[in-house]
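Structure at a glance
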Amino acid sequence: MTENTHPDRRNLLLEAAQEEMVKFERKENEFRKKDREERAAELHLPLNALKVH
């Protein structure tokens, strides 16, 4: 019976890892956006006109 529960545990761990990766990617994207905006402000660049994605 332990063979049946092992794949379930593995799936839970994979799901948890994927959720953590999504959280990390969101934080990284927010950080990059903030950093880009700060650098643009320092250089007095019109960030909106550049249409940065």
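The preceding data block contains the structure.
Residues numbered from 1 in each chain as written. Predicted model: local features only at pLDDT ≥ 70, side-chain atom pairs only at ≥ 80, totals over all residues. Heavy atoms only, no water.

Details of the pattern of salt bridges
- Counted under the stated rule, the structure contains three salt bridges.
- Between R32 and E28 there is a salt bridge; the shortest N-O distance is 3.0 Å. Placement of both R32 and E28 in helix α1 (residues 2–42) is noted, with a separation of four residues, approximately one turn of the helix.
- What makes E28 partly exposed here is its relative accessible area of 26%.
- In this structure, the salt-bridge partner of D35 is R39, at a minimum N-O distance of 3.1 Å. Residue D35 and its partner R39 are located together in helix α1, separated by four residues, close to a single helical turn.
- Its relative accessible area of 46% is what places R39 among the partly exposed residues. (Salt bridge = Lys/Arg side-chain N within 4 Å of Asp/Glu carboxyl O. Helix = DSSP H or I, 4+ residues; strand = E, 2+ residues; numbered from the N terminus. Buried < 20%, exposed > 50% of the residue type's maximum accessible area, 1.4 Å probe, protein only.)

Read these as layout, nothing more, since geometry by itself doesn't imply function.
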